[in-house]
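This is what each chain is made of:
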Amino acid sequence: MLLSKKAGQISASLTLSITAKAKKMKANGIDVIGFGAGEPDFNTPINIQEAAIEAIKNGMTKYTATSGIIELKQAIIKKFNTDNNLNYVPSQIIVSTGAKQCLANVFQAILNPGDEVIIGSPYWVSYPELVKLADGQPVYVETEEINKFKLTIKNLKQVVTSKSKAIVLNSPNNPTGTVYSSEELTEIAEFSKKNNLIIISDEIYEKLLYGSSKHISIASLSEDAYNRTIVINGVSKAYAMTGWRIGYAAGNSEIISLMSNIQSHTTSNPNSIAQYASVEALNGNQDQVYKMIEQFKLRRDYMVERINGINNLSCIKPEGAFYVMVNICKTLNKSVDGRVIKNSIIFSNILLEKEKVAVIPGIAFGVDNYIRISYATSVENIKNGLDRIAKFVKKIQN
């Protein structure tokens, strides 16, 4: 039987598969330390939990409008105005089952077969696959560690063609933790205007910033940038609500309308209870968010210092999100217990097998000289896990 050729070309999420493998090992009684998590290890704040319980008690358990309840849209509009100096109306907002569905919707809404989408590498694992599912063609821009893995106009000019339809921007970035400045975003906005590109701005890690870094939405920089940008965001990372599955997008009303039409025939409305909980997340007390950020900063600082103290490993300090990209190039083509470390997958598999530490191979993000580790786990786990990684690297021989 001949099945879908398109589906056959889609790769499974390596991050989810490794996380599942680590969880299975833990369930079998093996002491595994997981650094693969793409979610906060904190529980959803109590005020948000209580809002969900109230919604259930009040019978808010029915279908809602496909694109989301008006109460949540109004909360999102307020958030954009307060946090990002962006003004939207309800017809410019869609609420979906996670930011990932927002991305899937927007690619389906804007792409025709053969249209190209520019994506910086390293990239979040799902960007290329979502583009392919929408019959688009991902085009990769190789960024450099020395430039904090940022897109530059020079390397963008090298990949743009007459088929280029959109550019994906992710700041703060997963997996690198990079945060773009106003000047850098202005250059990208001007490049997009010159080449008539739609900007897909993934801002899901917006609130997870450390030190002096500030989040700026590219849509706020000019009228043209506002008109050509679809902003993607959600409550999962900032409010420890990954399992609630609420994301949202804002932008051009024609594109948002197409996204809503697509959603109406796929998943329909997002979970009604989670929507009411998200109203409280955006409008309610933010103290727990700030406390979570404080803990992430402490963990980041410790993790970066430890990694840079391990021979043959190095990293730059991330400015946002909760990941560190660890440069493992000095370990490649060397051996441990007679096995040659040819790439990031082999490095990660041997590390998991020998020291019971789960990390994500950099090839999942388009770069094979790195691994990604997450500090969305306890300080104790971070200390123990890094001790095991240091022990593993020490065994690697020329």
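Since we're looking at a predicted model, the values are computed, not measured.

A. Here's a closer look at helix α8 (residues 182–194). Across its 13 residues, α8 extends 18 Å between first and last C-alpha, which sits within 8% of the 18 Å expected from 1.5 Å per residue. All of the buried residues along α8 are Leu 185, Ile 188, Ala 189, Phe 191 and Ser 192. The buried residues of α8 occupy an angular sector of 160° when projected down its axis, which confines them to one face. Residues of α8 that are exposed and angled more than 90 degrees away from the buried face: Glu 183 and Lys 194. For α8, the secondary structure elements touched by its buried residues are α7 (153–157), β5 (164–170), β6 (198–202) and α9 (223–228). Looking one or two residues beyond α8, the residue adopting positive phi is Asn 196, at roughly 55°.

B. Focus on the pairing of strand β10 (residues 323–327). When you tally the buried positions in β10, you get five out of five residues, the bulk of the element. Alternating positions in β10 separate into two faces, Tyr 323, Met 325 and Asn 327 on one and Val 324 and Val 326 on the other, with burial throughout. Two elements, strand β9 (residues 314–315) and β10, share two bridges in a ladder whose sense is antiparallel. The residue of β10 that forms the bridge with Ser 314 is Asn 327. Bridging between β10 and strand β15 (residues 370–374) involves five bridges; their strand directions are antiparallel. Considered in β15, the bridge of Val 326 is made with Ile 371.

C. Geometry of the sheet that holds β15. The four strands lie next to each other as β9-β10-β15-β14, forming an open sheet whose pairing is antiparallel. Looking at the sheet topology across the chains shown, the edges are occupied by β9 and β14 (360–361). Lying on the sheet, helix α12 (residues 287–307) is in contact with β9, β10 and β15; it crosses β10 at an angle near 5°.

D. Seen up close, the nonpolar core. Phe 107, Ile 200 and Ile 373 are the most contacted members of the largest nonpolar core, which totals 106 residues. Among the elements that make up this core, the one with the highest residue count is helix α5 (residues 99–110) (eight residues). Excluding its chain neighbours within four sequence positions, the residues that come into contact with Ile 373 are Phe 35, Met 303, Ile 307, Phe 322, Tyr 323, Val 324, Val 326, Val 359 and Leu 386. Counting residues in hydrophobic clusters, the runner-up holds 17 residues, among them Leu 151, Leu 185, Phe 191 and Ile 218.

E. A look at the packing of aromatic side chains. Tallied over the entire structure, the rule returns 14 aromatic pairs. Relative to Tyr 127, the ring of Trp 124 has its centre 5.3 Å away and its plane inclined at 80°; by these criteria the two rings are edge-to-face. Residue classification places Tyr 127 among the buried residues on the basis of a relative accessible area of 2%. With a centroid separation of 5.3 Å and 90° between ring planes, the pair formed by Phe 347 and Phe 392 is classed as edge-to-face. Of this pair, Phe 347 sits in helix α13 (residues 344–355) while Phe 392 sits in helix α14 (residues 379–395), and the two are 45 residues apart along the sequence. Comparing Phe 347 with Phe 392 shows no difference in burial state: the two are buried. An aromatic cluster of three or more residues is present, and its members are Phe 42, Tyr 205, Tyr 210, Phe 296, Phe 322, Tyr 323 and Tyr 375. Taking NZ or CZ as reference, Lys 150 lies 5.8 Å from the ring centre of Tyr 180, over its face. Here the guanidinium or amino end of Lys 383 rests over the ring plane of Tyr 302, the centre of that ring lying 5.8 Å away.

Rules used throughout
- Residues numbered from 1 in each chain as written.
- Predicted model: local features only at pLDDT ≥ 70, side-chain atom pairs only at ≥ 80, totals over all residues.
- Heavy atoms only, no water.
- Helix = DSSP H or I, 4+ residues; strand = E, 2+ residues; numbered from the N terminus.
- Expected span 1.5 Å × (residues − 1).
- Buried < 20%, exposed > 50% of the residue type's maximum accessible area, 1.4 Å probe, protein only.
- Arc of directions from axis to C-beta.
- Contact = heavy atoms within 4.5 Å.
- Pairing = 2+ DSSP bridges.
- Axes fitted to C-alpha atoms, helices over the stretch in contact; angles between N-to-C directions.
- Core = buried A, V, L, I, M, F, W, Y, C linked by side-chain atoms within 4.5 Å.
- Phe/Tyr/Trp six-rings, centres within 6.5 Å; stacked < 30°, edge-to-face > 60°.
- Lys NZ or Arg CZ within 6 Å of the ring centre and 35° of its normal.

Any link to function would need more than the numbers given here.
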